[in-house]
Amino acid sequence: MHNLLVKNARIASMQDTAKAYGELSATDIRIRNGIITELGSGLTAADDEHCVDADGQWCLPGLVDCHTHLVYAGNRSDEFAQRLTGVSYQQISKQGGGISSTVRATRQASADTLHAEALRRAQRLVEEGVTTVEIKSGYGLDQETELRMLDVAGKVAETLGIQVRRTFLGAHALPPGENVSADDYITFVCDTMIPHVAQHALADAVDVFCESVGFSLAETRRVFEAAKQHGLAVKGHVEQLSNSNGATLAASYNALSVDHVEYLDPADVQALAAAGTVAVLLPGAFYYLKETQLPPVEALRNAKVPMAVATDFNPGTSPVASLLTCANMACVQFGLTVEEALRGITVNGARALGLTNTGLIAEQYRGDLTLWDVPDPSALVYEINGYRPSAIICGGKHVR
């Protein structure tokens, strides 16, 4: 049922209010046709509304994981073992591992296999309260597999009843073993794949891995130009391993987000603020790669750049199926406050996906809610693997 009345909740709306977590004095939330239409207290359920008594539990927006690579085949635990002995991510890539390894496995996998594995991963996120997830392609690097990945991502939404945003990441790496130049491959991405993706509405945005082991600034610019030409928003994997000035380029195209940003120059932060671009922090990859270069959190905070937090769930550098754990890592490793981390996995995660009706508990927002039997919202970030929501509601419908 899309018509719902949640009563007797402590509402952590994530709105900008005087109270922590945007706590409201209202205790009841009315959802009609999947949209929040009324916040108040002492509300009475209509005949066509299902009533849920929260019994004093905390109610937060559904969580948003705004950066994942959930659709892939294969396993890279061997590379994890290598990195523990001191082999770098760059060395593994040069030896044919890294993204290339996953590309080979993903190309060989059927749509059914990819769907089953993606569902298993997505279900772990949903169990923790995620109601919106972004899923990227990027492990096909040919048209057939890239399109198959995007199709599977759409089916994850249908199967689990959650909201999925799809991102085309054809410019993730050069196709392995094909001896194609970066210039020719980017031409293929821009002139063939992006037009097809846009024409068939297979993605909401286009992403690029702009990095020393990825694509150059000039190549990234070509992809952004093609995306804009075809009406697709842009995002950027930037400044993860070095400062390539990808963030300022992305900001010049009004990118929805720049992701990783460990090597972001604090002097470039103002460009993000001016563009309204969200900085997405990915502490799982930082942890797995044993990085030491911290993102410029204080500069981002001072410039009022929204900071989101995501899992970066991927097979090589962040096989992490827990958004709340990543919120904890963002606090411990990067210095976010608990409230910044919770906003990072709700309202700011939604902003990183260009969603203006998700991530807050407010009238005219989607009815995406989670109920938690916790003493305070901070407990969700403080205690790793300590809590699961007692109810998960997506678009006014119970997911769990």
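The rules we used
- Residues numbered from 1 in each chain as written.
- Predicted model: local features only at pLDDT ≥ 70, side-chain atom pairs only at ≥ 80, totals over all residues.
- Heavy atoms only, no water.
- Helix = DSSP H or I, 4+ residues; strand = E, 2+ residues; numbered from the N terminus.
- Contact = heavy atoms within 4.5 Å.
- UniProt positions renumbered as here; feature names shortened; annotations may be inferred.
- Buried < 20%, exposed > 50% of the residue type's maximum accessible area, 1.4 Å probe, protein only.
- Polar contact = N/O pair within 3.5 Å; in protein donor to acceptor, adjacent residues only side chain to side chain.
- Salt bridge = Lys/Arg side-chain N within 4 Å of Asp/Glu carboxyl O.
- Pairing = 2+ DSSP bridges.
- Expected span 1.5 Å × (residues − 1).
- Phe/Tyr/Trp six-rings, centres within 6.5 Å; stacked < 30°, edge-to-face > 60°.

**Some points on the environment of Leu-371**
Summarising the element assignment, Leu-371 is placed in strand β15 (residues 369-372). Once the C-alpha coordinates of Leu-371 and Ser-390 are considered, the two residues, 19 residues apart in sequence, prove to be 5.5 Å apart. Those residues in contact with Leu-371 that lie beyond four places of it in its chain are Val-6, Val-52, Ala-54, Gln-57, Trp-58, Cys-59, Pro-389, Ser-390 and Ala-391.

**Details of the UniProt feature "binding site: Fe(3+)" (unreviewed entry) in the protein**
Mapped onto this numbering, the UniProt entry annotates "binding site: Fe(3+)" (unreviewed entry) at His-67, His-69, His-237 and Asp-312. In three dimensions, the annotated residues from a span of 246 residues occupy one location, with a maximal C-alpha spread of 12.4 Å. For His-67, the position within the fold is in the loop between β7 (63-65) and α1 (77-84). His-67 gets classed as buried once you look at its relative accessible area, which sits at 0%. Once you skip the residues sitting within four places of it in the chain, His-67 turns out to touch Glu-134, Lys-136, His-237, Asp-259, His-260, Val-280, Leu-282, Ala-310, Thr-311, Asp-312 and Phe-313. Under the relative-accessibility criterion, His-237 is labelled buried at 4%. His-237 has contacts with His-67, His-69, Lys-136, Leu-169, Asp-207, Val-208, Phe-209, Cys-210, Asp-259 and His-260, leaving out every residue within four places of it along the chain. A polar atom in the side chain of His-237 sits 3.2 Å from the side chain of His-67.

**Some words on unusual backbone geometry**
Its identity is not glycine, yet Lys-290 carries a phi of approximately 55°, on the positive side. Relative to the elements of secondary structure, Lys-290 occurs in the loop between α10 (283-288) and α11 (297-302). We classify Lys-290 as exposed; its relative accessible area is 57%.

**Some points on the pattern of salt bridges**
Counted under the stated rule, the structure contains 24 salt bridges. The partner of Asp-16 in a salt bridge is Arg-343, and the shortest N-O contact between them spans 3.7 Å. Here Asp-16, found in the loop between β2 (10-11) and β3 (28-32), pairs with Arg-343, found in helix α13 (residues 338-344); they are 327 residues apart in sequence, far enough to count as distant. Notably, a salt bridge pairs Arg-343 with Glu-339, separated by 3.1 Å at the nearest N-O pair. With Arg-343 and Glu-339 both in helix α13 and 4 residues apart, the pair spans about one turn of that helix. Among the residues examined, Glu-339 registers a relative accessible area of 22% and is labelled partly exposed.

**Things to note about the UniProt feature "binding site: 4-imidazolone-5-propanoate" (unreviewed entry) in the protein**
Under the local residue numbering, the UniProt record ascribes the feature "binding site: 4-imidazolone-5-propanoate" (unreviewed entry) to Arg-76, Tyr-139, His-172, Gln-240 and Thr-317. As for its placement among the helices and strands, His-172 is situated in the loop between β9 (163-171) and α6 (182-199). With a relative accessible area of 4%, His-172 lands in the buried category. The contact partners of His-172, leaving out residues within four places of it in the chain, are His-69, Ile-99, Gly-138, Tyr-139, Leu-141, Phe-209 and Phe-215. A distance of 3.0 Å separates a polar side-chain atom of His-172 from the backbone oxygen of Gly-138. Note that Gln-240 resides in the loop between β11 (233-238) and α8 (246-252). The contacts of Gln-240, once residues within four sequence positions are left out, are Phe-209, Glu-211, His-260, Glu-262, Tyr-263, Ala-285, Leu-289 and Glu-291.

**A short note on the sheet that holds strand β16 (residues 391-394)**
Ordered in space as β2-β6-β15-β16-β17, the 5 strands form an open sheet in which the pairing is mixed. Both edges of this open sheet fall to β2 and β17 (397-398), since each of them pairs with a single strand only. Pairing geometry for strand β6 (residues 58-61) and β15, over 4 bridges, is antiparallel. Counterpart to Pro-61 in the pairing with β15 is Leu-369.

**Quick look at helix α5 (residues 143-160)**
In this model α5 runs 26 Å from its N-terminal to its C-terminal C-alpha over 18 residues, within 8% of the 26 Å that 1.5 Å per residue would give. For α5, every residue scored as buried is listed here: Thr-145, Glu-146, Leu-147, Arg-148, Met-149, Leu-150, Val-152, Ala-153, Gly-154, Val-156, Ala-157 and Leu-160. Against the buried residues of α5 lie α3 (99-108), α4 (111-127), β8 (130-136), β9 and α6. Of the residues one or two after α5, Gly-161 is the one with positive phi, at around 70°.

**Digging into the packing of aromatic side chains**
As enumerated under the stated definition, the model contains 7 aromatic pairs in all. Consider the rings of Phe-80 and Tyr-288, whose centres lie 5.5 Å apart with planes at 55°: the pair is tilted. Within this pair, whereas Phe-80 is found in helix α1, its partner Tyr-288 is found in helix α10, the two being separated by 208 residues in sequence. Relative to Tyr-253, the ring of Phe-224 has its centre 5.5 Å away and its plane inclined at 55°; by these criteria the two rings are tilted. Of this pair, Phe-224 sits in helix α7 (residues 217-229) while Tyr-253 sits in the loop between α8 and β12 (257-260), and the two are 29 residues apart along the sequence. The burial state of Phe-224 is the same as that of Tyr-253; both residues are buried. Connected via pairs of aromatic rings, a cluster forms that spans Phe-80, Tyr-287 and Tyr-288.

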